[in-house]
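Secondary and tertiary structure notes
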There are 2 protein chains.
Amino acid sequence: MSSERLIYMPLGGAGEIGMNAYVYGYGAPDKERLILVDLGVTFPDMDGSPGVDLILPDITWLKDRADRLDAIFITHAHEDHVGAVAHFYRDLGAPVYARAFTANIARGKMAEFGHPEEAVRTVSAWPEQVEAGPFRVGFLPISHSIPESAGLVIDSPEGRVIHSGDFKLDPNPVVGEAFDPELWAEVARPGVRALICDSTNVFSAAPGRSESELGEPIEALVAKAKGMVVATTFASNVARVKTLAEAGERAGRSIVLLGRAMRRMIEAAVETGVLRSFPKVMSPEEALEIPRENLMLLVTGSQGERRAASAQLARGKYRGLTLAEGDLFLFSSKTIPGNERGVIRIMNQLSEKGVDVVDDAGGLYHVSGHANRPDLERMHQIVQPQMLIPMHGEHRHLREHARLAEARGIASVIAVNGMMLDLSGNAPTVAGYVETGRTYLDGSVKIGALDGIVRDRIRMALNGHVVVSVVMDEEDEPIDGAWVDLMGLAGTGTSKAPLADVLEEDLAQFLGRAGRKTLTDDDKLEEGLRRVARQSAQTEIGKKPEVTVVISRLG
Amino acid sequence: MSSERLIYMPLGGAGEIGMNAYVYGYGAPDKERLILVDLGVTFPDMDGSPGVDLILPDITWLKDRADRLDAIFITHAHEDHVGAVAHFYRDLGAPVYARAFTANIARGKMAEFGHPEEAVRTVSAWPEQVEAGPFRVGFLPISHSIPESAGLVIDSPEGRVIHSGDFKLDPNPVVGEAFDPELWAEVARPGVRALICDSTNVFSAAPGRSESELGEPIEALVAKAKGMVVATTFASNVARVKTLAEAGERAGRSIVLLGRAMRRMIEAAVETGVLRSFPKVMSPEEALEIPRENLMLLVTGSQGERRAASAQLARGKYRGLTLAEGDLFLFSSKTIPGNERGVIRIMNQLSEKGVDVVDDAGGLYHVSGHANRPDLERMHQIVQPQMLIPMHGEHRHLREHARLAEARGIASVIAVNGMMLDLSGNAPTVAGYVETGRTYLDGSVKIGALDGIVRDRIRMALNGHVVVSVVMDEEDEPIDGAWVDLMGLAGTGTSKAPLADVLEEDLAQFLGRAGRKTLTDDDKLEEGLRRVARQSAQTEIGKKPEVTVVISRLG
């Protein structure tokens, strides 16, 4: 019996949508050679991570084993799969492999950080395979909502594993390769030990729809528009951007790309040959000279992001362009849960300007990039894996996907972030648990999600902040009582006197009554002042604020 | 020509969903006698109003004219229509009129604040009318998602106006009166000058569905459940709670109501005779003695509210009851935009416990309480008003509803909060604008939304907070440099030295270089210290924090 084993462990993406990072390993326990599949980010929100710039996986475990890491493979260029590559380049050092379009995007990120672009290596589609320690890895093309998405064929001494990446089964994806069931079946024919499979749309009961279904309805919509047309979608959905642009062109409109990501993605698609034709585009400056009914703007910000082109246009202007009564604004997108408020804000700002807003409520102007439940079943059928490990999804998605597989007699288990599976046997077994979590990029610094820093910010936001300062003289007696500064708190409460005055009076009384033991001990003094400030505020305004006590001792 | 006029002005609810408050007036300009229809609240969120307890309309305009206010009429007992009644009772003083169920809820609110319950007066359904200055107002029953919702028939010397309240056209609402098209047509027959009409569902293209359609699917779902069944919905949807409870009873389960609002609403419905039969309920303590497969819990928190019963059950336990593998949790509800994160969090926590979650994705377990587009058209047709003023909705809803009316040849205008309309002519005209906004209940204090208090909290949450304190001696020289306290900021940055040390060093240098003009002037000194602290933090951690400077001068 071999002492080697094949392991799988998600560090991100399993128990959440976003921040994908999956470790595979082969070798003797705790000596496995490792590869990493995807290294993505997720996005902060005011509820849980105010002030944070970006959320990265906690890769401490992998960093501590960087000498065993042979390669990083990126399935596709979405931020939740490639976004953390440059942030962790110095920590991991391993070469990054991707197909041309993805590699182009990854190199752009490396360049921004001053890392060598050669760290990213372009790989052709299957049947090319990259040797990485005990693994041989190939990129098997599959359709998704971005060009050149790939499933990974991961061969090891324990046999073949397929990591689906994000995918849908699109026979006509407009840009890039159609899903090729014969190719997938052929790759699976020798037997697949495990299919590690996208789970995000497992609750969507109808078969997924093709990107190509959108051309006609979008063209009809644009054709009948009277004023300027603006359309927003994910910039990385190059097929969609092309469909939109062509609809504009056919309606005799000049196309303008607004937003950095929009230009960057089209550029990458053209540079890598993914996009072989695209209507001529015009700069915003040129567009200012053209009648609005002859313009179509393709803009970033479909998720309501406040700084993106959509939000700026809704608020006022972007690069000199403004919206007016009778213009049409198309959301060729779905609102990701959690982004509703931002999107609705834009819709209402547009309504106030008299702009007609069209979204996908009628199901005409957007299709998902992920495999729905029947598509997942079809994929199970094609690959016929010995075991299925649900990947990329919240817990409820993973659980449902595991059930789906088990209903077909395929062994399955729910593996969440930090759970290490041994895939060497007939069924997956849990080999251990690793501490994982989230790393916050905060300004230019990486901090731990549980460091307490962001918790303190949330507390200040909920409770307000009081600064109490006292100066103690050489005899440890307070000079002039305590001073109070308020931030984020009502100026007056029930007594109608200024809150700061009320607090200062209560604090002065406390200081007057305090004994030597308290006055000479910073900890005791601080604790007492904090308690009094909180009680006083509670009485006066019904809130217990955060309190910072500053004690200055002379001599 | 009469110098009197009939005016309408929303103070809340027009340009938003929630916080309804609509003023009507009749008389000579600026001397009109006034009535108020509804006085509701809306709910804070971390994005825009962290730490706030409740959002109330800004009624300054009305308070300044309280001597001209003859009555307040409440259409129904939803919080966004009745929630602010007790908060503003002292400011407005006017009697509150409502039907029995609504009055019961309103009196409960008055009692909580120690206001006289007699301030709330119960009115029977149409044809009873209340005299209020120049107005005669009647409550015309209409179906909605709460018992005894009413449209208001508002008669004035300028004729009849109908204020729809929130409504749907339900021929069989399970609890309370069915929509009675003949009665509405009869009331409208003498001619209706204006229909002020609910707009929230104007984008829903299909006709609304009856509450009674849910009984069968819910019963089938509960009948086949194996473990404990938990169902959540809005507590105020008494019909739904009844449907759920009866499904449980038929499946041989004992019913438990969890959450204060759930018990309060059923109590009010029984007390007022609205609910004449309801399955026997059991206390949580009794339920602990019953096998879980014989239990059905009806719980609050369908919107993911962190402190409600649903969230507590998902996290662990509530009143001793816990969930287990194989239990069923039904969301008989729709997630209100903005609440997705909270609801999804609960769903995943339930998934981790092995609980099966069912929601309304398949359209079987929830119906809306509002009139969809075809229902609105039917209402226009029945009432045949001279003009239609869209009410209760975001700007996009109001705009779409106004278009819908205009397409039928009914005069309309978009009136947002603070816009005063003159309804005396053949078509509505804008009579002026009033400053309106939101009032925050923050702890026990009311503050203005634009006072800057909440803005400061948001800034601390986004940027962190630095407290810089210096003590200046009798000669205006700093003693011991500056001290720094950090809150919500990374402890170390690029230099790897503690951030506080780096800041203190930079601040000490600044103090060392500062001239007499700066050292003797608190404003200059504060400005300089703030600038240095922000720059230093920017260099070190890439963030510019909020800074509070505390200067203590001796002598």
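Computed from a predicted structure; not experimentally measured. Each chain carries its own residue numbering, running from 1 in the written order of its sequence. To read the labels, note that chains go from A and ligands from 1, taken in the order they are written. Reporting of local features is limited, given that this is a predicted model, to residues whose pLDDT is at least 70; pairs of side-chain atoms are given and counted only at 80 or more, and all residues count toward the totals for whole chains, interfaces and linings. Heavy atoms throughout the structure, all of them, feed into the side-chain values; hydrogens and water do not.

Quick look at the interface of chain A and chain B now. Between two residues, a contact is recorded if the distance between any of their heavy atoms is within 4.5 Å. In this assembly, 61 residues from chain A lie in contact with 61 residues from chain B. Note on terms: buried area is the combined drop in 1.4 Å-probe accessible area of two parts once they are placed together, counting the loss on both. Interface area for chain A against chain B, summed over the two sides, is near 5500 Å², with a carbon-plus-sulfur share of 59%. The working definition used for a salt bridge is a side-chain nitrogen of Lys or Arg within 4 Å of a carboxyl oxygen of Asp or Glu. Inspection of the region where chain A meets chain B yields ten salt bridges. Close ionic contact of Asp47 of chain B with Arg341 of chain A constitutes a salt bridge, the shortest N to O distance being 2.7 Å. In the analysis that follows, any N or O atom pair within 3.5 Å is treated as a polar contact, provided that within protein one partner can donate a hydrogen and the other can accept it, and provided that, for residues neighboring in sequence, both atoms belong to side chains. Viewed at the interface, chain B and chain A are joined by 35 residue pairs in polar contact (both at pLDDT 80 or more).

For the rest of this paragraph, the subject is the sheet that holds strand S13 (residues 229-232) of chain B. Residues and elements named next belong to chain B. Any two strands with at least two DSSP-identified bridges between them are counted as paired. Put simply, DSSP H or I for four residues or longer makes a helix, DSSP E for two residues or longer makes a strand, and each gets a number counted from the N terminus. Reading across the sheet, the six strands line up as S15-S14-S16-S13-S19-S20 and stay open at both edges, with parallel pairing between neighbours. Edge strands, defined here as strands with exactly one partner in the open sheet, are strand S15 (281-282) and strand S20 (356-358). Together, strand S14 (254-258) and strand S16 (295-299) form the strand contacts of helix H8 (residues 260-271), whose direction differs from that of S14 by roughly 110°. In this description, a line fitted to the C-alpha atoms serves as the axis of each element, helices being fitted only across the stretch in contact, and the angle between N-to-C directions of two axes falls anywhere from 0 to 180 degrees. This element, helix H11 (residues 340-352), spans strand S19 (328-331) and S20 of the sheet and lies at about 165° to S19.

A separate point is the packing of aromatic side chains. Pairing of aromatic side chains here covers Phe, Tyr and the six-membered ring of Trp, requires ring centres within 6.5 Å, and sorts the geometry by plane angle: under 30 degrees stacked, over 60 edge-to-face, intermediate tilted. In the structure shown here, the tally under the stated rule is twelve aromatic pairs over all chains. Considering the side-chain rings of Phe73 of chain B and Phe139 of chain B, the 6.1 Å spacing of their centres and the 50° angle between planes classify their relative orientation as tilted. Pair noted here: Phe73 of chain B is in strand S5 (residues 69-73) and Phe139 of chain B is in strand S9 (residues 135-141), with a separation of 66 residues, a long-range link. Like Phe73 of chain B, the residue Phe139 of chain B is buried in the burial classification. Ring pairing ties together the aromatic residues Tyr8, Tyr22 and Tyr24 of chain A, which thus form one cluster. Only protein chains enter the calculation, and the probe is 1.4 Å; a residue is then buried if its accessible area is under 20% of its type maximum, exposed if over 50%, and partly exposed in between.

All names here are of chain A. Domain ranges listed in this record stem from an automatic or a database domain assignment. Domain parsing of chain A yields domain 1 (5-206 + 368-448), domain 2 (211-358) and domain 3 (464-553). Taken over C-alpha atoms, the centre of domain 1 sits 31 Å from the centre of domain 2. In this complex, domain 1 contributes 17 residues to the contact, which on the side of domain 2 involves 17 residues. With both chains or domains summed, domain 1 and domain 2 bury close to 1400 Å², and 59% of this area falls on carbon and sulfur atoms. Remark: the boundary between domain 1 and domain 2 carries zero salt bridges. The interface formed by domain 1 and domain 2 includes five residue pairs in polar contact (both at pLDDT 80 or more).

Along the polypeptide, Glu340 of chain B turns up in helix H11. Residues within four places of Glu340 of chain B in sequence aside, it is in contact with Pro337, Gly338 and Glu340 of chain A together with Thr335 of chain B.

Here we take up the sheet that holds strand S8 (residues 129-132) of chain B. Residue and element names in this part refer to chain B. As summarised here, the arrangement of the seven strands in space is S8-S9-S10-S11-S12-S21-S22, forming an open sheet in which the pairing is mixed. Each of the sheet's edge strands pairs with one partner strand only, and the pair in question is S8 and strand S22 (411-412). By the bridge criterion, six bridges tie S9 to strand S10 (residues 150-156) in an arrangement that is antiparallel. In the sheet register, Leu140 faces S10, and the bridge partner there is Gly151. In this fold helix H5 (residues 181-188) packs onto S9, S10 and strand S11 (159-163), with an angle of close to 165° to the strand it touches most, S9. Sitting on the sheet, helix H13 (residues 395-407) is in contact with strand S12 (194-198), strand S21 (387-391) and S22, with an inclination near 160° to S21.

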